[in-house]
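Architecture and fold: a report
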Amino acid sequence: MSKYVIVGGNKLSGEVRVGGAKNSVLPIMAATVLNGKLNVLHDIPELSDVIVMTKILRSIGCSVKREGSSLVVDSSEMNGCEIPEDLVREMRSSIIFLGAVLARYGKVIISYPGGCEIGPRPIDLHLRSLREMGANITEKHGFLFCEAKELRGAEIQLDFPSVGATENIMLAAVFAKGTTIIRNAAREPEIIDLANFINSMGGKISGAGSATVSIEGVTELEEVEHQIIPDRIVAGTYLAAAAITRGSIMLNNVIPEHLQSILYKLKECGCHVVCKNNTIRLDAPDKLIAIDSIKTLPYPGYPTDMQSQMMALMTVSDGISVFIETIFENRFKHSEELMRMGANIKVDGRVAIVKGVNKLTGATVNAKDLRGGAALILAALAAEGKTVVEKGHHIERGYDYLDEVLRSVGADIQRI
Ligand SMILES: CC(=O)N[C@H]1[C@@H](OP(=O)(O)OP(=O)(O)OC[C@H]2O[C@@H](n3ccc(=O)[nH]c3=O)[C@H](O)[C@@H]2O)O[C@H](CO)[C@@H](O)[C@@H]1O
Ligand SMILES: C=C(OP(=O)(O)O)C(=O)O
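Residue numbers here run from 1 along each chain, matching the order of that chain's written sequence. A letter from A marks each chain and a number from 1 marks each ligand, given out in the order of writing. The predicted origin of the model limits local features to residues at a pLDDT of at least 70 and limits the giving and counting of side-chain atom pairs to 80 or more, whereas totals for whole chains, interfaces and linings rest on all residues.

1. Brief notes about the overall build of the protein
Operational definition: What counts as a helix is a DSSP run of H or I of at least four residues, what counts as a strand is a run of E of at least two, and both are numbered from the N terminus. Three exposure classes are used. Buried residues have 20 or more other C-beta atoms within 10 Å of their own C-beta, exposed residues have 12 or fewer, and partly exposed residues fall in between, all C-beta atoms being placed from the backbone.
On a plain count of helices and strands, the protein comes out with 13 helices and 23 strands. Counting only C-alpha atoms, the protein reaches 65 × 45 × 40 Å along its principal axes. Relative to its full complement of 416 residues, the protein shows a buried share of 53%.

2. Regarding the sheet that holds strand β6 (residues 107-111)
This is how it is decided: For two strands to be treated as a pair, DSSP must find at least two bridges joining them. Under this scheme, a helix contributes an axis fitted over its contacting stretch, all axes are lines through C-alpha atoms, and angles between N-to-C directions fall in the 0 to 180 degree range. The contact criterion used is a C-beta to C-beta distance within 7 Å, with each C-beta placed from the backbone.
Strand order in the open sheet formed by three strands is β6-β8-β7, with antiparallel pairing between adjacent strands. Two strands close off the open sheet at either side, each with one partner strand: β6 and β7 (136-140). Pairwise comparison of adjacent strand axes, ignoring direction, gives a mean angle of 15° for this sheet. Sheet topology note: the β7/strand β8 (residues 143-147) ladder contains five bridges and is antiparallel. Directly across from Asn 136, in β8, lies its bridge partner Glu 147. Relative to β6, helix α4 (residues 97-105) is tilted by about 160°, and along the sheet it contacts β6 and β8.

3. A closer look at unusual backbone geometry
Residue Tyr 299 is joined to Pro 300 through a cis peptide bond whose omega torsion reads 10°. Even without being a glycine, Asp 43 presents a positive backbone phi close to 70°. Within the fold, Asp 43 resides in the loop between β3 (38-42) and α2 (48-59).

4. Remarks on the environment of Glu 216
Within the secondary structure layout, Glu 216 lies in strand β12 (residues 212-216). Counting along the chain gives ten residues from Glu 216 to Ser 206, while the straight-line C-alpha distance between them is 8.6 Å.

5. Brief notes about the site of ligand 2
Short version of the rule: Residues are counted as near a molecule or strand when the C-beta atom, derived from backbone positions, lies within 6 Å of that molecule or strand. Put simply, Ala, Val, Leu, Ile, Met, Phe, Trp, Tyr, Cys and Pro go in the nonpolar bin, Asp, Glu, Lys and Arg in the charged bin, and everything else, Gly too, in the polar bin. In this entry, domain limits derive from an automatic or database-based domain assignment.
What surrounds ligand 2 is the set Met 91, Arg 92, Ser 93, Gly 115, Cys 116, Ile 118, Asp 305, Leu 370, Arg 371 and Gly 398. Considering only residue class, the shell around ligand 2 consists of four nonpolar, three polar and three charged. Taken together, domain 1 (4-19 + 230-415) and domain 2 (22-227) each give at least three residues to the shell around ligand 2, which thus spans both.

6. A closer look at the UniProt feature "binding site: UDP-N-acetyl-alpha-D-glucosamine" (unreviewed entry) in the protein
The test is simple: UniProt positions are given in the numbering used here, feature names are shortened, and annotations may be inferred rather than shown by experiment.
UniProt marks Arg 92, Arg 121, Pro 122, Ile 123, Asp 124, Leu 125, Asp 305 and Ile 327 with the feature "binding site: UDP-N-acetyl-alpha-D-glucosamine" (unreviewed entry), using the numbering shown here. Looking at where Arg 92 falls in the secondary structure, it is placed in the loop between α3 (85-88) and α4. Residue class for Arg 92 comes out partly exposed when judged on the 19 C-beta atoms lying within 10 Å of it. For Arg 92, the residues in contact, after removing those within four places along its chain, are Pro 113, Gly 114, Gly 115 and Arg 121.

7. Things to note about the nonpolar core
This is how the line gets drawn: In these notes, a nonpolar core means any group of buried Ala, Val, Leu, Ile, Met, Phe, Trp, Tyr and Cys residues linked to one another through C-beta atoms within 7 Å.
Ranked by internal contacts, the top residues of the largest apolar core, which has 74 residues, are Phe 97, Ala 100, Leu 102, Met 170 and Ala 172. Examining the composition of this core, we find that seven residues originate from one element, helix α6 (residues 163-173), more than from any other. If we skip the residues at most four places from it in the chain, Ala 172 touches Gly 99, Leu 102, Ala 103, Leu 130, Met 133 and Leu 151. Counting 73 residues, the second largest nonpolar core, distinct from the first, contains Met 310, Val 365, Ala 380 and Leu 406.

8. Description of the domain arrangement of the protein
Domain boundaries in the protein define domain 1 (4-19 + 230-415) and domain 2 (22-227). Between domain 1 and domain 2, the C-alpha centre-to-centre distance is 30 Å. Per-class residue counts for the side of domain 1 that touches domain 2 are five nonpolar, six polar and eight charged.

9. Describing the packing of helix α11 (residues 333-340) against helix α12 (residues 370-382)
Under the convention used in this document: Comment on the angle field: the value is read as roughly parallel under 35 degrees, roughly antiparallel over 145, roughly perpendicular from 65 to 115, and oblique elsewhere. Two helices crossing with the near one rotated counterclockwise from the far one by less than a right angle form a left-handed crossing, whereas a clockwise rotation gives a right-handed crossing.
Orientation of α11 relative to α12, taken along the N-to-C sense of each, is 20°, at an axis distance of 9 Å. In terms of axis orientation, α11 runs roughly parallel to α12. Like other packed secondary-structure pairs, α11 and α12 cross with a definite hand, here right-handed. Listed contacts from α12 to Lys 333, His 334, Glu 337 and Leu 338 of α11 are Gly 372, Ala 375, Leu 376 and Ala 379. Residue classes in the contact of α11 with α12 are distributed as four nonpolar, two polar and two charged.

10. Digging into α11
Every buried residue belonging to α11 is among Lys 333, His 334, Ser 335, Glu 337 and Leu 338, and all of these are buried. At its buried positions, α11 is contacted by α10 (307-314), β19 (344-348), β20 (351-355), β21 (364-366) and α12. One or two steps after α11, the chain reaches Gly 342, where phi turns positive at roughly 105°.

11. Considerations on the sheet that holds strand β4 (residues 63-67)
Backbone-to-backbone hydrogen bonds join strands into a sheet, with any given pair of strands oriented parallel or antiparallel. One open sheet accounts for four strands, arranged β4-β5-β3-β13; its pairing is mixed. What marks the edges here is a single partner per strand, and that holds for β4 and β13 (224-227). Averaged over all neighbouring strand pairs, the angle between strand axes comes to 15°, with direction disregarded. Relative to β13, β3 is paired through four bridges, and the arrangement is parallel. Its bridge partner being in β13, Asn 39 is matched across the sheet by Val 224.

12. A closer look at the UniProt feature "domain: Enolpyruvate transferase" (unreviewed entry) in the protein
Per the UniProt record, "domain: Enolpyruvate transferase" (unreviewed entry) is annotated on residues 8-404. In the segment residues 8-404, helix accounts for 30% and strand for 24%; the C-alpha atoms at its two ends are 16 Å apart.

13. Here we look at the pairing of β8
The two faces of β8 differ: Leu 144 and Cys 146 on one face are buried, but Phe 143, Phe 145 and Glu 147 on the other face are not. Taking the residues that link successive antiparallel strands as the turn, the β7-β8 hairpin has two residues, and the phi of His 141 there is positive, at about 50°.

14. Details of the site of ligand 1
Taken together, 22 residues lie near ligand 1, and Asn 23, Leu 125, Ser 162, Val 163 and Gly 164 sit nearest. Every element with two or more residues in the shell around ligand 1 is listed here: α1 (22-31), α5 (124-132) and α6. Its residues assigned to classes, the shell around ligand 1 comprises eleven nonpolar, six polar and five charged. Looking at which domains feed residues into the shell around ligand 1, each of domain 1 (4-19 + 230-415) and domain 2 (22-227) gives three or more.

Here's what the structure looks like:
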């Protein structure tokens, strides 16, 4: 198991190119089963989640080849609909095979998904919606047996704008008879990327990025080549890394519009931020100002996936910040580890109160989940002395070459 050893105190300075978004790549990889043809995907990060997705695709007969930063998936020889349980339990996104394989094969057997422990992550909205489209789903011994001779278009009202449920419905609806309308759909940029991918193959999806998405069923899809959008959370994490070290950074290959809620908070804590075309430059102040409150919300609200990194930043700010986590029930596990480093944090259910301290001190800490792990790396960059962040595999689900990238902008960090 990997760990990261960091000696804090270096101001970061330099340029970083941001790669493709994990949360776009994973559903799009699942969507490659749809066309039964060649799919060429560009800007694919080297993440452990991408490796798991690759193994799943291969297990059902697809060929997957990495060519530099591109991935070539040929789904013409797909010959199975049973998704291996050990792989499904490794990550949440495996559940997106539910809609994709059902659409292509008319049948799928899949277990309940695993992933980071950040609170309960039910899939009731996914299942209810697919049932509304005519899927017959039975649940037994932790497995889902789904079948649909023909899926039909339906008007689906989501109780919550779930990212995964919106994606599963979009995928299932691609070949459905008639039109499917999703109301209260998730509006994340990754939903638009998935829709663009499907439309490039000949699908008919409109409204992605708004609360109402409409999918008209088609009968066939073509070969496709697609560029994945840049990862807004990775971008936000590197901006926060520069901010916590009182440094500066220039990010290339970003879509500033996707980071508006994050940039707004970084400006509130005193950072100077300039966006120009596909770049963002951040210069940090000598002393960060505490942000009054951060409430996580579905896009375009402040993302839950940037909550822990911003908390790391607030541990060394001037004043008190309140965090309200509305998306996941148990996403403050990093706070205990930050406290080992000298942070002053009180957690009560979904609320955390952070009182800024003058300095953090290096310690041995555990990454408990992906973004919480990233938050510990950020804290370590600012802390006095040496920090060891153990259980680095969580971090490698979402950040590739993290140590190399941070070293290239001046950090003292080693991956062991
Ligand atoms: C691979 C990927 O894209 N992951 C992202 C996706 O996860 P994911 O797609 O799992 O997140 P959802 O938007 O579905 O979940 C948000 C909330 O809705 C609840 N819920 C969801 C589905 C359901 O059937 N029932 C239900 O109650 C969840 O428990 C959670 O509390 O969006 C999250 C919220 O922005 C991000 O943190 C994840 O990084
Ligand atoms: C929670 C996350 O991802 P996943 O949904 O893949 O677990 C995340 O990216 O922070």
